[in-house]
Amino acid sequence: MASVFFSGLSVNNEGIRDYWIFMGENIKKRILVTGGSGFIGTNFIRHALTVRPDWHIVNLDALTYAGNPANFDALKSELGERLHFVHGDIRDTILLEQLFSKENFEYVIHFAAESHVDRSILGPKAFVDTNVQGTFCLLEVSLKSWEDRGRPEGFCFLHVSTDEVYGSLGPQGHFKEETPYDPSSPYSASKASSDHFVKAYFHTYNLPTIITNCSNNYGPYQFPEKLIPLMILNILDGKPLPVYGDGKNVRDWLYVVDHCEAIIKAVEGGKPGETYNIGGNAERQNIEIVNLLCDLMDNRLSRSGNGSSRKLIQYVADRPGHDRRYAIDMTKIKMELGWSPKHCFEDAFEITIDWYLKNMDWVKSIQSGDYRKWIEKNYQDRKLGTSTDRFVGEK
Ligand code: NAD
Ligand code: DAU
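Each chain has its residues counted from 1, following the order in which its sequence is written. The order in which chains are written sets their letters, starting at A; the order in which ligands are written sets their numbers, starting at 1. Since the coordinates come from a predicted model, pLDDT governs what is reported: local features require at least 70, and pairs of side-chain atoms require 80 or more to be given and counted, while whole-chain, interface and lining totals use all residues. Neither water nor hydrogens contribute to the side-chain values; these are computed over all heavy atoms in the structure.

Asks: Could you clarify how one ought to interpret the nonpolar core in this entry?
Replies: Side-chain atoms within 4.5 Å are what join buried Ala, Val, Leu, Ile, Met, Phe, Trp, Tyr and Cys residues into a set we call a nonpolar core. Exposure is judged per residue with a 1.4 Å probe applied to protein chains only, and the accessible area is read against the type maximum: over 50% gives exposed, under 20% gives buried, and values in between give partly exposed. Grouped together as the largest cluster of nonpolar side chains are 82 residues, with contacts concentrated most on F44, W55, I57, I109, L158 and F349. Should any heavy atoms of two residues lie within 4.5 Å, those residues are considered in contact. Once you skip the residues sitting within four places of it in the chain, L158 turns out to touch V108, I109, H110, I210, T212, I263, A266 and V267. Membership of the second largest hydrophobic core comes to 24 residues, among which are L95, A112, L138 and V141.

Asks: Sorry if this is basic, but what is going on with the site of ligand 1 here?
Replies: By nearness alone, 28 residues border ligand 1, and I40, D61, S115, Y187 and K191 come closest of all. Measuring from an oxygen atom of ligand 1, one finds a backbone N or O atom of G38 at 2.9 Å. Pairs of N or O atoms within 3.5 Å make up the polar contacts considered here, provided that, within protein, one atom can donate a hydrogen while the other can accept it, and that residues adjacent in sequence are counted only when both atoms are side-chain atoms. Y187 is positioned such that a nitrogen or oxygen atom in its side chain is 2.7 Å from an oxygen atom of ligand 1. Computed on the free molecule, ligand 1 has an accessible area of 830 Å², of which 96% lies beneath the protein chains in the complex. A run of DSSP states H or I qualifies as a helix once it reaches four residues; a run of E qualifies as a strand once it reaches two. Both are numbered from the N-terminal end. Breaking the shell around ligand 1 down by element, the ones donating at least two residues are α1 (39-51), β7 (156-162) and α6 (186-205). Top element by residues in the shell around ligand 1 is β7. It accounts for three residues. Each residue is tested against the molecule or strand, and it is near if at least one of its non-hydrogen atoms lies within 4 Å. Accessible surface area values rest on a Shrake-Rupley calculation with a 1.4 Å probe, where residue burial reflects the displayed protein chains alone.

Asks: What exactly am I supposed to notice about the packing of helix α5 (residues 125-148) against α6 here?
Replies: The geometry of a pair of packed helices is captured by two quantities: the angle between their axes and the separation between those axes. Each axis is a line fitted through C-alpha atoms, taken for helices only over the stretch in contact, and angles between the N-to-C directions span 0 to 180 degrees. Two elements in contact, α5 and α6, have axes separated by 8 Å at closest approach and are oriented at 15°. Judged by the angle between their axes, α5 and α6 are roughly parallel. Of the two elements, α5 crosses α6, and the hand of that crossing is right-handed. Contact residues: α5 offers F127, N131, V132, T135, F136, L139, E140, L143 and W146, while α6 offers Y187, S190, K191, S193, S194, F197, V198, Y201 and Y205. When grouped by side-chain class, the residues that make up the contact of α5 with α6 number 11 nonpolar, five polar and two charged. When describing relative orientation, an angle under 35 degrees is termed roughly parallel and one over 145 degrees roughly antiparallel, while 65 to 115 degrees is termed roughly perpendicular and anything else oblique. Left-handed describes a crossing whose near helix is turned anticlockwise from the far helix by less than a right angle; the clockwise case is right-handed. Gly is placed with the polar residues, together with every amino acid not listed as nonpolar (Ala, Val, Leu, Ile, Met, Phe, Trp, Tyr, Cys and Pro) or charged (Asp, Glu, Lys and Arg).

Asks: For this particular structure, what's the right way to read the site of ligand 2?
Replies: For ligand 2, the set of nearby residues contains 25 residues, the closest of which are D163, Y187, R319, H322 and Y379. N216 places a side-chain nitrogen or oxygen 2.8 Å from an oxygen atom of ligand 2. Taken by itself ligand 2 offers 690 Å² of open surface, and the protein chains cover 95% of this. The element contributing the most residues to the shell around ligand 2 is strand β10 (residues 241-244), with three residues. Residues of the shell around ligand 2, tallied by class, amount to 10 nonpolar, eight polar and seven charged.

Okay, structure coming up:
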């Protein structure tokens, strides 16, 4: 490796923030990832640093309950200077300005968010604070830095968003990029709002932005408040499996590494101002997912007959405003960027189950007092068998 030099900054304010700036001739692209210690961010950083040897990533994460800095522990010596962690909030504009003035970020890849629909129902404010205000702060500082640097070509602000902004589908049809926004939950309303701000910064100030709207992800490192890891761990512990409503809501499942590849395609080859829908082509009813998990776990745990895990399934009160069906039309990203999912659902699902079974230390490390409090709060009031599922007409 050729010439290198270091410079450093540490800020002591609400804890320790510490990062080092490293420059080497083999590091060509500097990327800011927000929320990189959460589920998709962790998978993204791990994948991107493997397939893009010239990328240097700064991971800015506030380490809420959903963020886990230990996700990179095993890679520290391998990654060395290519990954730097900054403990901070995307609403902290002073910190953002310091970061942008030290690093000439070529890409900003924005994952940081409050991401759980049930939490947004019980406490929507945090969703406005992070998803709306936080995205606004990041846009402001990105725009200023981009303009101060003379509007360099190649800069991209990629906003990672969700298919939930489109609302709910009936039995037929798919979300296209032109589908009107119709969010149902405080979570999806906050993501829709942030999407609109991103679009406004493109239209008003020409900031090069891209939005990706993706369906449900599954895979390693997902916090066990979400359907798949929650069910895996409850099956393991012989606890009830709470299925909301009639269990027939449909989600389009995508293996998280495929999502990460789509984001790389979009940030490198996407057209500024555009939106790309990302999906898994794997629509399943929730009850199908839970039954499959029970059967695959039973094989691994040698359970059968009266001891089978399906006996743990309990239908519980529905999620208020529960969207009935999501399905993605991914023609645009396929045709324009040549992306489609590489992993087949059946294989990736088994890989996911085995990852949790092999990483019980990781699971235990996040099942803290706060996690237990959330589980009690979310599930204690759901009355057995009560369904308030709403019907939403076909779009
Ligand atoms: P996650 O909840 O697992 O992780 C969110 C991360 O953001 C955490 O590390 C958390 O500490 C960090 N964070 C939260 N507030 C912050 C703040 N104010 N400042 C800095 N960091 C903060 O979420 P995820 O499932 O990995 O989702 C990542 C993104 O992808 C979100 O924007 C989400 O809306 C979107 N998305 C998720 C899915 C999915 O299935 N999980 C699907 C489509 C889109
Ligand atoms: O569609 C993309 C979205 O997918 C992302 O934007 C969100 O960040 C992500 O959390 C996810 O949202 P969902 O609400 O679809 O995911 P969740 O895992 O919470 O629920 C999946 C389905 O399972 C949903 O229909 C509700 C149901 N469910 C969920 C839980 C936690 C249950 O039946 N029981 C449960 O205990």
